There are 2 protein chains.
Amino acid sequence: MIVGIVGLGLIGGSLGLELRSQSITVLGVSRREETCEIALERGIVDQASTSLSLLAAVDVIFICTPLDKIRETVEQLIPYLQTSAIITDVGSAKGIIVEECAPLWQNFVGGHPMAGTERSGIEAAERGLFKDAAYVLTPTERTPTEAVQAIEAILRSLGANIHHCTPAIHDRAVAWISHLPVIISAGLIESCLGETDPNILELAQELASSGFRDTSRVGGGDPHLGAMMAQYNHQALLRSLFQYRQHLDHLIKQIEQENWDSLEKCLEKTQKRRSHFGNFSR
Amino acid sequence: MIVGIVGLGLIGGSLGLELRSQSITVLGVSRREETCEIALERGIVDQASTSLSLLAAVDVIFICTPLDKIRETVEQLIPYLQTSAIITDVGSAKGIIVEECAPLWQNFVGGHPMAGTERSGIEAAERGLFKDAAYVLTPTERTPTEAVQAIEAILRSLGANIHHCTPAIHDRAVAWISHLPVIISAGLIESCLGETDPNILELAQELASSGFRDTSRVGGGDPHLGAMMAQYNHQALLRSLFQYRQHLDHLIKQIEQENWDSLEKCLEKTQKRRSHFGNFSR
């Protein structure tokens, strides 16, 4: 099997490292010549190019570009590909992507690995990134079963935990646990910066420690990626944001009314049920 | 010098370990007999008791109890103490505490170490907890200079970075970086739990990874401590919450209006300026 990867960043690069360790031939495409060179040096790919024409003979292509480049990548790939080739992507929103790409290519399977580190770019690529990580596939009724099975076989070889759902269900779920936190967290940083008393702002900046660090982390992430996830998942994100605002208002009301028992009960619930999310204990 | 510590949890216990390593005599008081035994076994204190009468001869007392026990501890200590004894506390809110305690005891110095780990209790006590950590003192105009200097000398020996400010400035600053994040983060967990479609909630729980973990961490903390910090700092917390809600509304508006450039500019600002907070780079 020959696998093509478009976009050699953290996800694309890590995928290349894994697949090559399984003796699969990996062909990589990056917009930047320098990234191609690093990919070859690090053994992430067998061959690299800045041209999609490199991928003419591949069986499966992972599009690992940012969200706003997925559709155009599919369009630009089409002239080169065999009709049997399977395309999948790794974008963090699926509704718009599947809606745009599935009509362009029969064997398109939407995908989203819940794998990441705080680092990005090809330098951050690493083995084991997908091991035990959730990986969502969002085939539609029209997606050929064989295409889905081919992607699944690759994902199983990476050790990923495969989930299936519709693009809409995916988008609503990740809005809660991935996209809403970005906006909440950015709002925290923004509102602190809005403090008009310079003495208070300066002291706040000096005193900030682990609580602020963790709560503000995703709001301090890549601005373009953040704006794109909002753009590509704005309906589900808005739905979550409106519901979040209601819960926030309820918490504010308890504090305004000095209803400490009720606030403590809310915090008991959040403490107890936080452990239902993900595979982390704290 | 003899130092007394009331409340042998993470902060009180860590303080005892540090001070004893400097050959200072440390007397510890805990409500629980079992905690006294652990404190003795671990070398956190020279003597331990469940009775405040143990502290009759000490020079300096650190009250390391929860916020709602500080005032009553001062009241209960008074009959035993020499008038020269200095009392300080480690509560995370200072306005109400100083207002309540300073009139009770002349040599009272409000304090707040910005030191903590995710663990709590005497088992979590460790050397080095205060090293390079911010430690805020909030003396008032009436606090004797000698009392402040005596506390400062101890804090310097711990390697802490000492800050001075009024109780009000302290409370507004920590509302931003410590108390607001708890409510924001609890609201995130609560609103996710409010998802009414069980398929989406289940998938969200399965997919939750580092972004959710970090943003939800402080909202999943000790419920009683959370409710107390809200109670003891509710004015500054509400002030921050109202401003946060305005910034959140502004972010929501940009998403509703599909104004992605403007959203990206906001996120550029939060990314760039997050590094002004604390001594962490990410």
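The shown structure was predicted, so the numbers you read here are calculated from the model rather than taken from an experiment.

Draft legend 1. Looking closely at the pairing of strand β2 (residues 25-29) of chain A. Residue and element names in this part refer to chain A. By the criterion of burial, β2 is predominantly enclosed, with 4 of the 5 residues buried. Handedness of the β-α-β unit built from strand β1 (residues 2-6), helix α1 (residues 10-21) and β2 comes out right-handed. Note: β2 against strand β3 (residues 47-49), 3 bridges, orientation parallel. Bridge pairing in β3 places Gly28 opposite Ala48. Chirality of the crossover, the property in question, places the unit of β2, helix α2 (residues 33-41) and β3 among those that are right-handed.

Draft legend 2. View of the pairing of strand β9 (residues 161-164) of chain B. Residues and elements named next belong to chain B. Where strand β8 (residues 134-137) lies against β9, 4 bridges are found, and the strand directions are parallel. Bridged to Val136 within β9 is His163. Taking the sense of rotation as the criterion, the β-α-β connection linking β8, helix α5 (residues 145-158) and β9 turns out right-handed.

Draft legend 3. Layout of the sheet that holds strand β9 (residues 161-164) of chain A. Residues and elements named next belong to chain A. Strand order in this open sheet of 3 strands is β7-β8-β9, and the pairing throughout is mixed. A single partner strand is all that each edge strand has here, and the edge strands are β7 (111-113) and β9. Across the sheet, the mean angle separating the axes of adjacent strands is 20° when strand polarity is ignored. Of the pairings in the sheet, the one linking β7 to strand β8 (residues 134-137) comprises 3 bridges and is antiparallel in character. Paired with Pro113 across the two strands is Tyr135, which belongs to β8.

Draft legend 4. Structural context of the interface of chain B and chain A. Taken together, the contact between chain B and chain A spans 91 residues of the former and 90 residues of the latter. Overall, the association of chain B and chain A removes approximately 9200 Å² of surface from exposure, summing both partners, and the carbon and sulfur fraction of that is 70%. The largest per-residue losses of area from chain B upon contact with chain A belong to Glu190(B), Leu207(B) and Phe277(B), which jointly make up 8% of the total buried on that side. Two residues, Asp249(A) and Arg245(B), come together in a salt bridge whose shortest N-O distance is 2.4 Å. The interface formed by chain B and chain A includes 29 residue pairs in polar contact (both at pLDDT 80 or more). Elements with a contribution of two residues or more to the side of chain B that touches chain A: β8, α6 (167-193), α7 (198-207), α8 (210-216), α9 (223-232), α10 (234-256) and α11 (260-274) of chain B.

About the cut-offs
- Residues numbered from 1 in each chain as written.
- Chains lettered and ligands numbered in written order.
- Predicted model: local features only at pLDDT ≥ 70, side-chain atom pairs only at ≥ 80, totals over all residues.
- Heavy atoms only, no water.
- Buried < 20%, exposed > 50% of the residue type's maximum accessible area, 1.4 Å probe, protein only.
- Helix = DSSP H or I, 4+ residues; strand = E, 2+ residues; numbered from the N terminus.
- Right-handed = clockwise from strand over helix to strand, strands pointing away.
- Pairing = 2+ DSSP bridges.
- Axes fitted to C-alpha atoms, helices over the stretch in contact; angles between N-to-C directions.
- Contact = heavy atoms within 4.5 Å.
- Buried area = accessible area lost by both parts, 1.4 Å probe.
- Salt bridge = Lys/Arg side-chain N within 4 Å of Asp/Glu carboxyl O.
- Polar contact = N/O pair within 3.5 Å; in protein donor to acceptor, adjacent residues only side chain to side chain.

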